[in-house]
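Listed below, chain by chain, are the residues.
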Amino acid sequence: MHHRPHPPRNADFTDKVVIVTGAGSGIGRAAARAFAHAGAHVLGVARRSQTLEETAADHPRIATHAADLRDPHVPSQVIEVATSRWGGVDVLVNNAGATKVMPLGEVTADAITDLFSLNVTAPSLLAGTALPHLRASRGTIVNISSTYGHRPLPGAAHYAASKAALEQLTRSWALELAGDGIRVNALAPGPTESQALTAAGLPETIVEQIKHDEAARIPLGRRGEPEEVATWILRLADPAATWLTGQILTIDGGLDLT
Ligand SMILES: NC(=O)c1ccc[n+]([C@@H]2O[C@H](COP(=O)([O-])OP(=O)(O)OC[C@H]3O[C@@H](n4cnc5c(N)ncnc54)[C@H](OP(=O)(O)O)[C@@H]3O)[C@@H](O)[C@H]2O)c1
């Protein structure tokens, strides 16, 4: 991998408390590591403890909590783990998310509920429970959307809709929380190397075909690397980004322009 801009040169998160969901692979793993290297205490969350431990092995300031964020009891447990350990929360990164191929003819209520419970409900419950702590720290929330949060995605419309919901939550929360000095922004990555397609249950030949087609459609000619995305999570969360709120930053090699 030749793209390793992590962490941003100026970002200083010394002793900040950062929660990164979905820290067991891909973008979340890269973000957890970059925050720790920039001085933060990081709580990484995902279901599998083994992959979380691999993330944490990179830096002693990364702690882990293995749990399923679709369980509505889990978000408050996550906030409790972070606050009892470090006394507060400065940054919440709502990164855990899943994609799902679901043509309209195959839609089921359970599949929609399952997708939205992770991509929309969990970020909401995490942000809501973290709120008193974010008020106390004048902290910040970074939601991870997708290029497809504002572009159509035929065949995976509900994934796109779940990310559109997250973008609209971002704007509304930014206004709702501005009086508390809490900044809320979103990052919308394009196709990035990660476990996401495999995790969606697609066979490896289809995954390779999708990756090839995506790279061909991206103006910069390739998919992104998790580190290239993670570095922008740190920039949005940077305490020095004092006047940035309510924004959706797309980082996708130019895909959004096509
Ligand atoms: N990669 C892309 O092309 C791309 C593009 C646009 C947006 N995004 C978004 O970026 C974010 C990160 O994606 P990624 O590509 O880095 O994905 P990834 O490699 O699949 O990582 C997803 C992470 O979330 C965790 N996770 C999944 N379901 C969970 C659950 N129910 N409870 C708790 N943790 C859960 C996974 O660990 P466990 O499986 O162990 O739980 C893993 O750590 C997602 O919101 C995704 O929609 C990705």
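Preceding this paragraph is the structure being described.
Given the structure is predicted, the values throughout are model-derived calculations rather than measurements.

Visitor: Run through the overall build of the protein, naming residues and quoting values.
Guide: Looking only at helices and strands, the protein features 8 helices and 7 strands. Each of the three principal axes of the protein carries a C-alpha extent, and together these read 45 × 40 × 35 Å. Here the protein, with 258 residues, has 50% of them falling under the buried criterion. Long-range pairs, those at least 24 residues apart, make up 70% of the contacts in the protein between residues at least 6 apart in sequence. Here the protein has roughly 11900 Å² of accessible surface; of this, 54% comes from carbon and sulfur atoms.

Visitor: I'd like a description of the environment of Gly28, backed by residues and values.
Guide: Relative to the helices and strands, Gly28 resides in helix α1 (residues 26–37). Residue classification places Gly28 among the buried positions, given a relative accessible area of 1%. Sequence-wise, Gly28 and Ile233 are 205 residues apart; in three dimensions their C-alpha atoms are separated by 9.6 Å.

Visitor: I'd like a rundown of the site of the ligand, residues and numbers included.
Guide: Around the ligand, the structure places 29 residues, and the nearest of them are Ser25, Arg47, Arg48, Asn95 and Ser194. Separating a nitrogen atom of the ligand from a side-chain N or O atom of Asp68 is a distance of 2.8 Å. Residue Ala196 places a main-chain N or O atom 3.3 Å away from an oxygen atom belonging to the ligand. Contact with the protein chains hides 93% of the accessible area of the ligand, taken as 880 Å² for the molecule alone. The residue makeup of the shell around the ligand, split by class, is 12 nonpolar, 12 polar and 5 charged.

Visitor: Kindly report on the environment of Ser145, identifying the contributing residues and their values.
Guide: Here Ser145 shows up in the loop between β5 (140–144) and α5 (157–178). Taking relative accessible area as the criterion, Ser145 reaches 4% and is therefore assigned buried. Not counting residues within four places of it along the chain, the set of residues in contact with Ser145 comprises Lys163, Leu166, Glu167, Leu187, Ala188 and Pro189.

Visitor: Go over the side chain of Ser117, please, and point to the residues and values.
Guide: One can find Ser117 in helix α4 (residues 109–137). Its relative accessible area of 15% is what places Ser117 among the buried residues. Discounting chain neighbours no more than four positions away, the residues touching Ser117 are Leu69, Arg70 and Ala122.

Visitor: Please provide a residue-by-residue account of the sheet that holds strand β6 (residues 183–189), values included.
Guide: Pairing within the open sheet is parallel, and its 7 strands lie in the order β3-β2-β1-β4-β5-β6-β7. Lying at the two open borders of the sheet, with one neighbouring strand each, are β3 (62–66) and β7 (248–251). The average angle at which neighbouring strand axes cross in this sheet is 20°, direction not considered. The strands touched by α1 are β1 (17–21), β2 (41–46), β3, β4 (91–94) and β6; relative to β1, the strand with the most contacts, the crossing angle is about 170°. Set on the sheet, α4 makes contact with β1, β4 and β5; between it and β4 the angle comes to about 175°.

Visitor: Help me get a handle on the environment of Val107, residues and values and all.
Guide: Mapped onto the elements of the fold, Val107 is located in the loop between β4 and α4. For Val107, a relative accessible area of 30% translates into the label partly exposed. On a C-alpha basis, the gap between Val107 and Ala200 in space is 15 Å, while along the polypeptide they are 93 residues apart. Filtering out sequence-adjacent residues up to four positions away, Val107 remains in contact with Met102, Ile112 and His158.

Visitor: Account for the packing of α1 against helix α2 (residues 49–56), with residues named and values stated.
Guide: Their axes nearest at 9 Å, the elements α1 and α2 cross at an angle of 35°. The handedness of the crossing between α1 and α2 comes out as right-handed. Packed against α1, whose contacting residues are Arg29, Ala32 and Arg33, the element α2 presents Thr51, Glu54 and Thr55 at the interface.

Visitor: Any details on the packing of aromatic side chains? Residues and values, ideally.
Guide: Applying the stated criterion across every chain yields a total of 1 aromatic pair. Seen in terms of ring centroids, Phe13 and Phe35 are 5.0 Å apart; in terms of plane orientation they differ by 80°. Their pairing is edge-to-face. Here Phe13 is found in the segment before β1, whereas its partner Phe35 is found in helix α1, with 22 residues between them in sequence. Over the face of the ring belonging to Trp232 we find Arg235, whose NZ or CZ atom lies 4.6 Å from the ring centre.

Visitor: Describe in detail unusual backbone geometry, supporting the description with residues and values.
Guide: Within the chain, Asp15 stands out as a residue other than glycine whose phi angle is a positive 65°. Among the secondary structure elements, Asp15 is positioned in the segment before β1.

Rules of the game
Residues numbered from 1 in each chain as written. Predicted model: local features only at pLDDT ≥ 70, side-chain atom pairs only at ≥ 80, totals over all residues. Heavy atoms only, no water. Helix = DSSP H or I, 4+ residues; strand = E, 2+ residues; numbered from the N terminus. Buried < 20%, exposed > 50% of the residue type's maximum accessible area, 1.4 Å probe, protein only. Contact = heavy atoms within 4.5 Å. Areas by Shrake-Rupley, 256 points an atom, 1.4 Å probe, with all protein chains shown as cover. Near = heavy atom within 4 Å. Polar contact = N/O pair within 3.5 Å; in protein donor to acceptor, adjacent residues only side chain to side chain. Nonpolar A, V, L, I, M, F, W, Y, C, P; charged D, E, K, R; others polar. Pairing = 2+ DSSP bridges. Axes fitted to C-alpha atoms, helices over the stretch in contact; angles between N-to-C directions. Left-handed = near helix turned anticlockwise from the far one by under 90°. Phe/Tyr/Trp six-rings, centres within 6.5 Å; stacked < 30°, edge-to-face > 60°. Lys NZ or Arg CZ within 6 Å of the ring centre and 35° of its normal.

Function cannot be read off these values alone, since they describe shape.
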